[in-house]
Structures are given as C-alpha cells and as structure tokens.
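Close look at the chain arrangement
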Number of protein chains: 2
Amino acid sequence: MKLRPLAVRFLVALALGSSVRAEEGMWLYSAPPRAALKAAYGFEVTDAWLDHLMQSSVRFNSGGSGSFVSGDGLVITNHHVGADALQKMGTAEHNYLRDGFYARTDGDAIKCHDLELNVLQSIEDVTARVNAAIPAGATGDDAALARRKIIAGIEKESREKTGLRSDVVTLYQGGAYHLYRSKRYTDIRLVFAPEAQTAFFGGDPDNFEYPRYDLDICLFRVFENDRPVRPAHYLKWSAAGARDGELVFVSGHPGNTSRLLTTGELASLRDVSIPLTLETLKRREVLLASWSGRSAENARRAREDLFGVQNSRKVRDGALAALQDPAFMGAKLAAETAFKQKLAARPDYAAALAAFDRIDAATKIMAAHLLRHRLIEGASSRFTSTPAGFTSQSFALARALLRVADERPKSNGERLQEYADAKRESFELALFSDKPIYPDYEIITLADSLTLLVEKLGYTDPLVQRVLAGRSPRARAAELINATQVRDPAFRRKLYAGGAAAVATAQDPLIELARTIDPEARALRTIMEAQDEVKQQAQAALGAARFALEGTSGYPDATFTLRLSYGTVKGYEENGAPVSATTNLAGLYRRSAEQGDRPPFDLPPRWTEKKAALDLAVPMDFVSTNDIIGGNSGSPVVNGAAEFVGIIFDGNIQSLSADFGYTDLQSRAVSVHSAGIIEALRKVYEVPVLADELTTGRR
Amino acid sequence: MKLRPLAVRFLVALALGSSVRAEEGMWLYSAPPRAALKAAYGFEVTDAWLDHLMQSSVRFNSGGSGSFVSGDGLVITNHHVGADALQKMGTAEHNYLRDGFYARTDGDAIKCHDLELNVLQSIEDVTARVNAAIPAGATGDDAALARRKIIAGIEKESREKTGLRSDVVTLYQGGAYHLYRSKRYTDIRLVFAPEAQTAFFGGDPDNFEYPRYDLDICLFRVFENDRPVRPAHYLKWSAAGARDGELVFVSGHPGNTSRLLTTGELASLRDVSIPLTLETLKRREVLLASWSGRSAENARRAREDLFGVQNSRKVRDGALAALQDPAFMGAKLAAETAFKQKLAARPDYAAALAAFDRIDAATKIMAAHLLRHRLIEGASSRFTSTPAGFTSQSFALARALLRVADERPKSNGERLQEYADAKRESFELALFSDKPIYPDYEIITLADSLTLLVEKLGYTDPLVQRVLAGRSPRARAAELINATQVRDPAFRRKLYAGGAAAVATAQDPLIELARTIDPEARALRTIMEAQDEVKQQAQAALGAARFALEGTSGYPDATFTLRLSYGTVKGYEENGAPVSATTNLAGLYRRSAEQGDRPPFDLPPRWTEKKAALDLAVPMDFVSTNDIIGGNSGSPVVNGAAEFVGIIFDGNIQSLSADFGYTDLQSRAVSVHSAGIIEALRKVYEVPVLADELTTGRR
C-alpha cells in the first residue's frame, strides 16, 4: 500500500461498543491483550518481551514505522517510508528514489536532510493531571486553552527532566492522556534502497491489491556523534521467516482510525469531509501526473508527492465506499441505537446520553467551517502541512517563520501546540532542512491551489481579492514564488533568530501573504479547537459509560502512537477462489510477463539477468490477519520469539475500511517476507555484507 | 489538441460589442467577410469558391470536421476525430486506435459502427418564421414549447421536401434561426490511420503546446450503395503546402463559444459551471487512468474516453484561468458598462437595457439547478450523453429506449427535441449501433457516478435512496450492469419496435432505474429550457440594439455549424524568444530524443527504421492566426486557390481562452502540413497508392 498516510479495511458488521473480535486491536504497549493471547494461543506476554519489542521499534517523522535489525544501528523500513528522504537527497543527476542505492562503507552512506527517528522508552498515564487542570464547568475555548497549557507544561517538564522527546498523546478521543517519552535520532544515513520498480512493483494499479510481489524495503543506519549507534535492543532476523498459520505480531505506529466515532460524525465524514478530501486529491493527482509527463526531470521532482497522493486517494475511495454502504451504516446505527437504549434506561447516564447531542452539534459546527478551514488554515499540527488554498513548501515555510516569531514570545502553554518548547528541536530540524525546493514545481502547485481557493470561496470573496492582489492565480503564484526568499535556509535562519522584527523588516511577499490571511486562519483554528474540545469531553463521558456498562477494556483509536497487533499468517477466499497466504519470487516474473513487462510491471535489468541464480520458490510477500492501518508501513512483523519474519507494507483492497472497523473475513495486512529480502540481497543485489549483518545482527 | 470537444484562446482585451479585430471571426457561409478580405488582402470571395469549399467540408457526428480530398470519396480528418470509430472497431486482438491501419483495397476497408458524416448543401434564414410562431407576450415554458414546435415543423417539412437532413440552428444566442440542409452519409469505411504514438506524439503533456510534431490524420472512404461516392466537390491537394506568411482559410465546425455572454453569465461559468465540470473531469481522469493501469486490455477499452477527458480538462483549465484573471474580467466588464451606458442614454432601448437583468435572473435560476440537472438529466440534446450521476453507455441506451417510447406517440412538435422526426434516422443509427460495450468498464464508470451522486445530493436524499435501493454504489452498479439487457442490439430493436408496452413488459432494471428518475429529470430540463428561452429573447433584444447602435455585423458564437475563418501562417514570440511558424520532421526525432524516447514521446519502430529515407527538412506542423475552437479538429486549411495545405488539429496553450474572445498576439491554430502528410505516407508507411490518390485527386 502505502500504509504511510492513512486508513484501511472492509468490515462486515462492526458493532460500535461491542466486544473486541478475534484478532482485532491496535493495543497500547501499556495495556497489551495478555489474557486474549493466553486464551487463544497459550502465548504468554512477558514484560521483557514487550520491552524488547518496544525499544526495537522505530517511528519515522516522515510518517511511518521501522525497527532496529542490527546491533550496529541498522534500521529497516519500507521503501515508500524512506521515499521522502530518497526524494530529498535526489538531484537531476542522481535519482535515488527511482534507481536505488547501496553504500558499501559508512563513508558512502548518504545523510538524510531532515529525517528524525524516535524510539519509545516509557509510557506514563497523566489523565488525572490533565483533567484536574481544566476548571470545573469550562467548555470550548477556555477548556481547550487550559488543556493546551497543562499538556505543554507536562511535556516541557518531562523534556527537561529526562532529556527525552516528550509527547502527551490523546487517547480514546479524550478519554485518556498518556505521556510518551522517546529517544530521538537525527543523524540518519541511507545504506540500501532497491529500485522503485522493484519496491513498488505494479505501482498504483497493484497498490492495495493481493497477490503482490514487492520488495518494499529500505535500510538506514543511525549515527550519533558520527558513529553508528549500538542500540540496546534490536530484532533478531528469522531466516525461515513467516510460516502459514503462524501467530505473528506487528509493532508500529498506526496513524488514525475512526472506530469510536458516532454515526453523526461518520455521516459528516461521508457527506462533507471525505468528498472534499477526495476532490482535492484527485485534482492534485491530475496536476502532478500531467506536469510529470512533460519531462523526466519533472517526473523525478513530483514523484514522491504523486505516489503519496495516489495512495491517499485509494485509501479515501475505500473509506467512502464503506460509509456509503447502507449495510455498513445500518450496522453502525443499530449498535449505536442499542447503546443509547442502555443509557436511556439508566438515569445516572443521562449526561453520557446527552453527549451524543453535544457531539452532533459540534460536528455540525465543524462541518460548516470545514471548507474555509481546510483552504486557509489546513491541518497544521505539523507546520509542514499547508492549507489547501496555498499548497507549496514555500508557503509552509513562510507561515512557519511568521508564526514562530509571533508565538515564541508567548508563554509555553499559550502557544499554538506545534510551537511548544517540547517540540522545538524537531521544529528546527524541519525548518532548517536544506532539502531541495524547485521553483517551477512550487509555482504549479501554488497556482493550482489559488485557483481552488477562488473556485471554492468565490472570486468576489474579500479574502480572495486580497490574496490575488489584482493578478490571476497563475500570475500571482509565479510572482510570489519568484520573489520570496524562504527557499534559502540562511534566510530562514536569519529570520528565525531575529524574531518578529526581522520578519517584518524582511518584507518577504510570501510571508506577507501569510500575514494577510493569518487573522482569519487563526480564528478558524480557534473555532475548530473549541469544538474539538467539546467532542473530547463528550467522548470521555461516553467512554466511561461504555466501560461501565459493557466492560470493554479494548484499545483506543489509532493516533500515531506505538501499538501492538497480533494475528496469523492466513490466506482468504475471493470470488470463490482461494488466495494463498504467500507469494514467491516465481510469481514476480509471472506477473511481469502477463502484463507484457510494461510499466509499472517492468523489471529492472538486474532482476532479469539474475533470474537463473535465484531460488524462485523463496517466499516474497505474505498476508496476515493483523489489525493495521496507515502509519504501520515499515512495521516489523515478528514471531513469538520476537524474531523479524517480515515487514508490513500494505493492506489488501478488502482492508480499505479498517478506518471504521476490523474484520478478518478477507481483510489482510500485506508484508514482505524476511526470506525473500535475504534472497534478493544476496543474489540480485549481491550485497553479502549487508545480508550477513541482517542475519547475524552484527557486521 | 483535441479541438473536438470544446473551447480555445487567450485574449488580451476582448471588447464586448466592439468591432471585430484583425483576423477574428468564425464566419457564416451565408455572410462571409468579403469586404474585410478585400480590404486587407485584396482577396475576392466568389460564390463559386465559397460553394466549392462548403460542399467539400464534412461534419463528423462524433464531433469534429473533415473534408473530401479525392474524387473517389476519400475524407481526411484528424486521428483524434476518427478515434471514436477506431475505438469502436477495436477488439482485444486488434487495437486499431493504438496500432493504426491501412486498407490496400476497398474490400479491406473497415466499416464504422455508427459514424455519420454530413455535408452542408444550403442555408436558409427562417428567423421571421420562427419568431412569428411565438405568441405575443409568451415567455418561459410556453414560448419554449412554441419555439420547439415551429422548429420541429420546419425541419420535418424540409426533410420531407428535400430528402436532406434538416436542422434549424440557433444563432446569435437566439437573434437568428437558420435552416441548414445537409447530405448525410452513413457507410463510412476506414482506409488509413497511423499509430496513436505518431498521431498524438507527446500525448497529454504536449497537448495544446507548440512546437508540435504530430501526424494527427485519419482517412476514411465514403460509400453509397456499397460503392465509393463520387462527391461533386473535393479539395485539390497542395504538394508544397502552407507557406510562412500565406493567407489561409479554415472551413469547419467550431462547437461552442461564449463571446457574447454577459459578465453575469461569465461569472456563473467561472463560479459554478466550469468548476463543477472540472471536478467531474478530474475525477473521471483519475478513475480511467487508474483502471487502465491494471492491464493492457483495460487501457485499450478506456483509451478514447481517457483522451477525451484529458483534453476537455486542459481546455476547461484554460478557460477558467481566463475567467479568474482580473484583467480579463475587468475588460469584459468595462466593455459591458460602456454598452449599458449607451443604452441608458436612449429611452427607446430601455427594453434592451432591461435584458441584462433578465439574463442575470435566468442565469441565477439555472445556476441554482445546475448541479441536480447535471447529475440527473445531463446535457441531453444528444441521447448518447448521460447524466453525470449515471455515466455509462448502458444507462444512455436504457434512457433512450424509455424516452423514445414515451415521446414517439406525441406530436412531432411536442417531443423533446432529440426525438423529433427530422432526427429519427440519426437517432436510429446510434441506437442500433453494434459497437462493443464492456460490462467491467460500465460497472466502474457507473459505480463512480453513483458515488458522485451520493456525495453531491447527500446520502439521505430521497432520490438517492431510491436509486441505491439499499445497496452501496458499487454493488448497485454491478447489479444493474450485470442484469440489464440493453447492451444487446436485438433487445434494443425489439423494445424500440414494441413501444412503451414492450418497454414496460421487459422489466429491465436499468430502464426501470431511468424511469425512476425520469420525472425529476424532465422537470429539471423544463426549468432549464424555460430559462434558456428567457435568455434567448433577451439576447435577441441585445443583439438588435448592438447592431443598431454599434453597426457591428460580425459573426455569431460558434454552434457546431459550418464556419469560415481566415488568417495567416505566422509564428509568435514566447518568453522573449521567437517560435517559428513551422516545424519539420527533424524536430520530431529531436523532441523524442530529448525526452529519452519514453512514452508519450516514443516513436513507433517504423519511424525509427525509415528515418534515413526521409527528407527531414519537410514541414510537419504549422501555426496560423485562424480563429478556431473545439469542433474545428480535422478542418481543412486551404489557400486562396482552395487547395488543401494542411489540417487543423490543435490550438496552442495561449489559445485556451478563445471561448471568450480572440487575439492574434500569441494565440495560434495548429495544423498538420500537407507536405509532411505526403512524405510520411510515401516513405514511412509506404502507401504510394494512397499518396497518389491524394495528390492527383483520383486513383
């Protein structure tokens, strides 16, 4: 897939609030499903096993998962997770993303521009402390601000005390707050990547399909003080790899699920949010594909963005299909109705019952502001995201410079959350990145975004008129991108150091544009955060009632925090025919031949040349029933002995509604098999040193 | 380009109602610009010259233009105009659209499924007769019905009297009505097509760009009584072809321009209509491109639709860019304001001044109903178009069967216009076409359309609920397409013969679905037609005032009727550098090489093999200042002696706002050069017999 961005899975009948089924669950490391595993598999989860797996797991700031697989700091992830780094280190001469790479020595390894890896060290429940800081009766704005303050305070205190990256994460839609402390690495160097042809064999057409034949891997080495780190924990490699029917675990960072949403919230996703997302994704896909067609260099520059857009589009198409399915929505509604009846029968749960109405009201307010918010403010908890009306890396940088200058003088707790002290190092890493930014590419993306802005808000909208300043969207985009200096890291450093005065003096046209829209952008964000606070309080009440009435311990919706999932390696049935759990190398050649070897089913020359040398019976990819979603890309799949047997890279098409619920009927997680990886490294890429390091854990 | 679907050109400052500039104009054959040509070029337009050009010109019912180029019935058009026929005659074994074709003998020529060609024979002004039939004071519904009745009556009378196809066309937005009589041909056979690679070299990326290197031609032979026709008129071939600076004429069928629209109407296009069109086009482009990627056969099945969608998308993107440009809209508004002031100064033109308000009011009503109308009724003057909520050939056929059974019993004048007697033969040709229809393709397009319907009207909309019948869009689409019998031509013949009773008895689920939505679809159409009538009356008043006050004779907006344009072969300047008027064969090889010979810049093997045999200095494509737009594709370009010197196939990117006005600063029409055609036919395709027929006019 590209489990990196979001969503996954088809469900037959998810019952909201019902007990967890079979192998469902993205479990917190602080509350693993010990009893269920013991009962179903006789498997004993020990603290040592758990801690070893946790500290071997790696989170990528570019959005994805990975794991340490050698005592000398080697980290394995997916090619499509590493792609962001590969794209940024590429040039017109060296297309690492397309052509692959291998560093024979540490000296050859290429340092990534702005990649940050985090390894979770501990989890602390701070729910009581957070809630105690909210004044009794506070709602909306006031409560949201109080919550932001206490969270920023806890994070800062922890950061100062432990030196670790400290994030307070929201779980159960506001039912719980946990403090996650992570070791942070920022000197990450590329060791090995296969060609994109091999890593993403079958391309967008085969994405989210099965059977698959992808070698979707990428290997980095983590350095500290210019020397490879010696991690305390790393996964041992299983040469045999995943076996059919075997119990396997996935340890990774699922990004986002919506399983506990009310039917009102789901309806809003279906009718408002997802259609708008899909419209902008498809529009962008056409723009990037069309521009890529003009030249090979255009294609190189847009490649990673285009892959990301196509992947998200497939995910959202699948999610929307589930939400537009009367059977699905009917089951959701039936479950919710049943739960409401239980609440109605108990006067002491009147507040919980009323929470549904509060959530509905907040949902409606948010839906009403959604369009303007997306266009002008965007999803901005990471500053690298941009409002849909101003898509370009330059605008993101311009706004970050403007805002950080305005925010930094405020007290830590009063800032927009991405400018909190605890996030400062990560912010600076991204802000000062010397990744390449191409003006021609920036112009076409910004021009298209401004066009969208005019379409959606209307040509006569006062904000639109101020933004265009008498020019057409295309002319305005060219003027802004050509004139701004934000692409220069030295300029960014200077303005960052100089604060608001330096920013104002610079008179950079793109920063001034960001200033023009900032009052409305911030106002929209305030509205959204206040309503989100209403929802969080209501969801907390619902969660407590659900726990009390139904006894479900369960797991919270995914939030990019580290989770453990278990499942079995298992095929399924499709259109009456069995789909076996594992594919092999022979299948790769067969699939390429049946597609006439045309892109994206063509093989790199080395794969054709080395075919005779390969044991074609070696497994390549496999499926399992693990409960995963976007963000799990690159997660290690381990056996009971915590040995690396494979690496998650996709879900099948039936898994595309996992956002809303789990089923193991046909929905499957898709992984690269550990045996296939070694066979390819030894015989196709002829990198025995690397294969030896993986299988022995040392070099 | 693909001037087939619509639109074209950038204008610097179009002045509404101002005098016609330089080489602007899509002139009626009944009112050619004799004086202007005489004054500027000393060129004398004689009746014989005009009649010869008119009767050599051919209109394609698939949307495009062409011309007779031999006394033995050979018609030349663009490959992308012939593409619809090539697509329909293709099979999994023979991909004529991609691979090209040559028929050495008449026996080898392949008959097209449902291609109809029309050759204009005469033009008669029937404005007075039409207007006299509208009861004094009638507006909206009543007037629209009365107008439809008189038009159907005139057409039928003419058809019966002359045996010719008879169409009353609306000109000047309702300012005039002309009766066009055409000779109709339906036995059309494919003689020659190059590979799509060559015809559409550079593909979507180079579409609407210049310099270009496309051999966008296709040759058909017209038969009657199983023998090639001997047309009374055909164009002599110019071996030398178009020369730089030469006066040239284009005779073809520009489809649609909006140059006389009010600024209120333009604003509605900008804010409502074009954004919706672009959204559905981009969505469809993603769907078709993604499905095409799954297999070569998918790609073949979707190819022609995908090309059409990409082309329309580029055209609309260009049109929207013009409308979102403050300079453009400012100029339009200034011109309109000046005209309004003239009207305001003359009390006798109070009615004309008030026409602006009437148009605005009608525009607002139409905009308010636009979304539902598009989704449920669609543009239905040709039955093969489908509402956007039900896109599939099957639905189009199902609705045609339903409606023709309901409409035929009514009097001729009371029917929906596409079921009028005068259109019966063309209707039957299309209805009984045995073109292939692929269920898998039908399912994905219908499923996506139903998804769009749910998104736009809302899941809870009563009509949506009736349409889905408890299923998801995908499941419902599969169920409908699998169960319907409309793909079977014998079934269609049976129902057509049996009328409403046979249709009702058949209980075909797709026809029943069409029945379900028909009341609302017809109601929406009635609203739109009534408002369109209001606009036509208002535009007629404006046109009369404009003529009286400003003396502009001018030309009406394009309406797919035959038009004459004149211009000169002429390069232009871009980013400070000159772009020369003509490209040559050497340029084709150079462009392919600089793109690494990757698709869509790769050359077919025969072009590589024959390179040494070619005179690389021979011209390939050229640009001229002719005023053209979508529908002009395939139009012959002739010199003063009415000799064929080239064939229109595109406009450059600067021409993409021609919909709203003309400029000759950079905007250019793009043609294939007659010398390049002959060089390719003789030396690359080695078809001397065909080349001889073209150059001598006989075989």
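Residues numbered from 1 in each chain as written. Chains lettered and ligands numbered in written order. Predicted model: local features only at pLDDT ≥ 70, side-chain atom pairs only at ≥ 80, totals over all residues. Heavy atoms only, no water.

This paragraph deals with the overall build of chain A. Broken down by element type, chain A carries 23 helices and 22 strands. Since a compact globule built from 699 residues should have a radius of gyration of about 27 Å, the 25 Å found for chain A is in line with a globular shape. In terms of overall dimensions, chain A has a C-alpha envelope of 65 × 65 × 50 Å along the principal axes. Looking at chain A as a whole, 63% of its 699 residues are labelled buried. Within chain A, counting contacts between residues at least 6 apart in sequence, those at least 24 apart form 79% of the total. On chain A, roughly 24000 Å² of surface is accessible, and the fraction owed to carbon and sulfur atoms is 53%. Treating the 85 positive side-chain charges of chain A as one cloud and the 87 negative ones as another, the clouds have centres 2 Å apart. (Helix = DSSP H or I, 4+ residues; strand = E, 2+ residues; numbered from the N terminus. Rg over C-alpha atoms; globule rule 2.2 N^0.38 Å. Buried < 20%, exposed > 50% of the residue type's maximum accessible area, 1.4 Å probe, protein only. Contact = heavy atoms within 4.5 Å. Areas by Shrake-Rupley, 256 points an atom, 1.4 Å probe, with all protein chains shown as cover. Lys, Arg positive; Asp, Glu negative; His and termini not counted. Charge placed at Lys NZ, Arg CZ, Asp CG, Glu CD.)

Right, let's get into the interface of chain A and chain B. At the junction of the two partners, chain A supplies 43 residues and chain B supplies 42 residues. When the buried surface of chain A facing chain B is broken down by residue, A:Arg294, A:Gln324 and A:Tyr459 rank first, second and third, together holding 21% of it. Our enumeration of links across chain A and chain B arrives at four salt bridges. Across the pair A:Arg294 and B:Asp206 runs a salt bridge, and its minimum N-O distance is 2.3 Å. Of all the secondary structure elements, the ones that give two or more residues to the side of chain A that touches chain B are α8 (203-206), α9 (263-292), α10 (296-323), α11 (326-344), α15 (439-457) and α17 (473-483) of chain A. (Buried area = accessible area lost by both parts, 1.4 Å probe. Salt bridge = Lys/Arg side-chain N within 4 Å of Asp/Glu carboxyl O.)

With that settled, the discussion passes to helix α10 (residues 296-323) of chain B. Residue and element names in this part refer to chain B. End to end, α10 covers 39 Å across 28 residues, agreeing with the expected 40 Å (1.5 Å per residue, within 8%). Along its length, α10 reaches its greatest deviation from straightness, about 55°, at Ala302. Of all 28 residues that make up α10, 22 are buried, and the element is covered over most of its length. (Expected span 1.5 Å × (residues − 1). Bend = angle between axes of the 7 residues up to and from the residue.)

Residue and element names in this part refer to chain A. On average, residues of chain A score 92 in pLDDT, and 96% of them are at 70 or above. In this model residues 4-20 is a low-confidence stretch, pLDDT under 50, and it forms 86 contacts with partners more than four residues away in sequence or in other chains. Predicted as a complex, the structure gets a pTM of 0.90 and an ipTM equal to 0.89. (pLDDT = per-residue confidence, 0-100.)

Counting residues in each nonpolar core, the largest one holds 80 residues, and the members touching the most others are B:Trp607 and B:Ile677. Not counting residues within four places of it along the chain, the set of residues in contact with B:Ile677 comprises B:Ile76, B:Leu215, B:Ile217, B:Trp237, B:Phe644, B:Ile647 and B:Val672. Of all hydrophobic cores here, the second largest spans 79 residues; its members include A:Leu28, A:Val191, A:Val248 and A:Tyr555. (Core = buried A, V, L, I, M, F, W, Y, C linked by side-chain atoms within 4.5 Å.)

On inspection of all chains with the given rule, the structure shows 136 salt bridges over all chains. Note that A:Asp214 and A:Arg212 form a salt bridge whose closest N and O atoms lie 2.8 Å from each other. Overall, A:Asp214 belongs to the buried group, its relative accessible area being 0%. Of the charged contacts in the structure, one is a salt bridge between B:Arg424 and B:Glu428, with a shortest N-O distance of 3.1 Å.

On to the packing of α9(A) against helix α9 (residues 263-292) of chain B. The relative placement of two packed helices comes down to the angle between their axes together with the axis-to-axis distance. Direction vectors running N to C along α9(A) and α9(B) enclose 70°, while the axes themselves pass 9 Å from each other. If you check the angle between α9(A) and α9(B), you find them roughly perpendicular. Along this stretch, α9(A) crosses α9(B), giving a crossing that reads as left-handed. Across from A:Glu279, A:Lys282, A:Arg283, A:Glu285 and A:Val286 in α9(A), the residues of α9(B) making contact are B:Glu279, B:Lys282, B:Arg283, B:Glu285 and B:Val286. Grouping the amino acids of the contact of α9(A) with α9(B) by side-chain chemistry returns two nonpolar, no polar and eight charged. (Axes fitted to C-alpha atoms, helices over the stretch in contact; angles between N-to-C directions. Parallel < 35°, antiparallel > 145°, perpendicular 65-115°, else oblique. Left-handed = near helix turned anticlockwise from the far one by under 90°. Nonpolar A, V, L, I, M, F, W, Y, C, P; charged D, E, K, R; others polar.)

A few words on the relation of the copies chain A and chain B. What connects the two chain copies is a rotation about an axis and a shift along it. Between the two copies, chain A and chain B, the superposition gives an RMSD of 0.0 Å; the rotation angle is 180° and the shift along the axis is 0.1 Å. Here the symmetry operator amounts to a two-fold rotation axis. Considering only C-alpha atoms, the residue of chain A closest to the rotation axis is A:Lys282, which sits at 3.1 Å. (Least-squares fit on C-alpha atoms with pLDDT ≥ 70 in both.)

Let's shift gears to the environment of B:Tyr419. Residues and elements named next belong to chain B. Inspection of the secondary structure assignment puts Tyr419 in the loop between α13 (393-407) and α14 (424-431). According to the relative accessible area criterion, Tyr419 is buried, its value standing at 2%. Along the chain, Tyr419 and Ala152 lie 267 residues apart, while their C-alpha atoms are 9.7 Å from each other.

Here we take up the pairing of strand β4 (residues 74-77) of chain B. All names here are of chain B. Here β4 shows a buried face lined by Leu74 and Ile76 and a second buried face lined by Val75 and Thr77. Of the pairings in the sheet, the one linking strand β3 (residues 64-68) to β4 comprises two bridges and is antiparallel in character. Bridge assignment links Phe68 to a residue of β4, and that residue is Val75. What sits between β3 and β4 in their antiparallel hairpin is a turn of five residues, with Gly73 showing a positive phi close to 85°. Note: β4 against strand β11 (residues 218-224), four bridges, orientation antiparallel. Following the sheet pairing, Leu74 is matched in β11 by Arg221. (Pairing = 2+ DSSP bridges.)

Next up on the list: the packing of aromatic side chains. Residues and elements named next belong to chain A. All chains considered together, the criterion is met by 42 aromatic pairs over all chains. A connected cluster of aromatic rings, assembled from ring pairs, spans Tyr102, Phe192, Trp607 and Tyr685. Positioned above the aromatic ring of Phe223, the side-chain terminus of Arg189 is 3.8 Å from the ring centre. (Phe/Tyr/Trp six-rings, centres within 6.5 Å; stacked < 30°, edge-to-face > 60°. Lys NZ or Arg CZ within 6 Å of the ring centre and 35° of its normal.)

Time to look at the domain arrangement of chain A. Residues and elements named next belong to chain A. Domain parsing of chain A yields domain 1 (5-116 + 186-259 + 556-696) and domain 2 (263-269 + 277-314 + 358-537). With centres defined by C-alpha atoms, the gap from domain 1 to domain 2 works out at 31 Å. In this complex, domain 1 contributes 28 residues to the contact, which on the side of domain 2 involves 21 residues. Around 2100 Å² of area is buried between domain 1 and domain 2 when both sides are counted, 53% of it from carbon and sulfur atoms. Its largest share of buried area at the contact with domain 2, domain 1 owes to Gln87, His113 and Asp204, together 24% of the area lost on that side. On inspection of domain 1 and its partner domain 2, the count reaches one salt bridge. The salt bridge partner of Arg313 is Asp204, with a shortest N-O separation of 3.1 Å. The tally of links between domain 1 and domain 2 comes to 13 residue pairs in polar contact (both at pLDDT 80 or more). Within the residue set of the side of domain 1 that touches domain 2, elements represented by two or more residues are α3 (79-89), α4 (96-99) and α8. Top contributing element to the side of domain 1 that touches domain 2 by residue count: α3, with five residues. Of the residues in the side of domain 1 that touches domain 2, the class split is 11 nonpolar, 10 polar and seven charged. (Domains from an automatic or database assignment. Polar contact = N/O pair within 3.5 Å; in protein donor to acceptor, adjacent residues only side chain to side chain.)

A few words on the packing of helix α22 (residues 674-684) of chain B against helix α23 (residues 688-696) of chain B. Residues and elements named next belong to chain B. Interhelical geometry of α22 versus α23 gives an angle of 155° and a closest axis separation of 8 Å. Comparing the axis directions of α22 and α23 gives the class roughly antiparallel. Crossing hand, α22 versus α23: left-handed. Contacts between α22 and α23 involve Ile678, Leu681 and Arg682 on the former and, on the latter, Pro688, Leu690, Ala691, Asp692, Leu694 and Thr695. Looking at the contact of α22 with α23 residue by residue, the class counts come to six nonpolar, one polar and two charged.

Looking now at unusual backbone geometry. Excluding glycine, most residues fall at negative phi; most peptide bonds, likewise, are trans. With an omega of 0°, the peptide bond running from A:Pro599 to A:Pro600 counts as cis. Along the chain, A:Pro600 turns up in the loop between α20 (585-594) and α21 (605-609). Between B:Tyr210 and the following residue, B:Pro211, the backbone shows a cis peptide bond with an omega angle of 5°. Topologically, B:Pro211 is positioned in the loop between α8 (203-206) and β11.

Let's shift gears to the side chain of B:Asp461. With respect to the element layout, B:Asp461 can be found in the loop between α15 (439-457) and α16 (462-468). Assessed through its relative accessible area of 13%, B:Asp461 is described here as buried.

What follows is about the state of the cysteines. All names here are of chain A. In total, this model carries zero disulfides over all chains according to the counting rule given. Not part of a disulfide, Cys112 finds its nearest cysteine sulfur in Cys218, a span of 8.0 Å. Look at Cys112 and you get buried, because its relative accessible area is 4%. (Disulfide = S-S within 2.5 Å.)

Turning next to the side chain of B:Glu246. Within the secondary structure, B:Glu246 is located in the loop between β13 (236-237) and β14 (247-252). Judged by its relative accessible area of 10%, B:Glu246 is buried.

Along an α-helix, residues three or four positions apart point the same way, because every turn accommodates 3.6 residues. With 15 residues, α13(B) should cover 21 Å at 1.5 Å per step; its first-to-last C-alpha distance of 20 Å lies within 8% of that length. Of all 15 residues that make up α13(B), 13 are buried, and the element is covered over most of its length.

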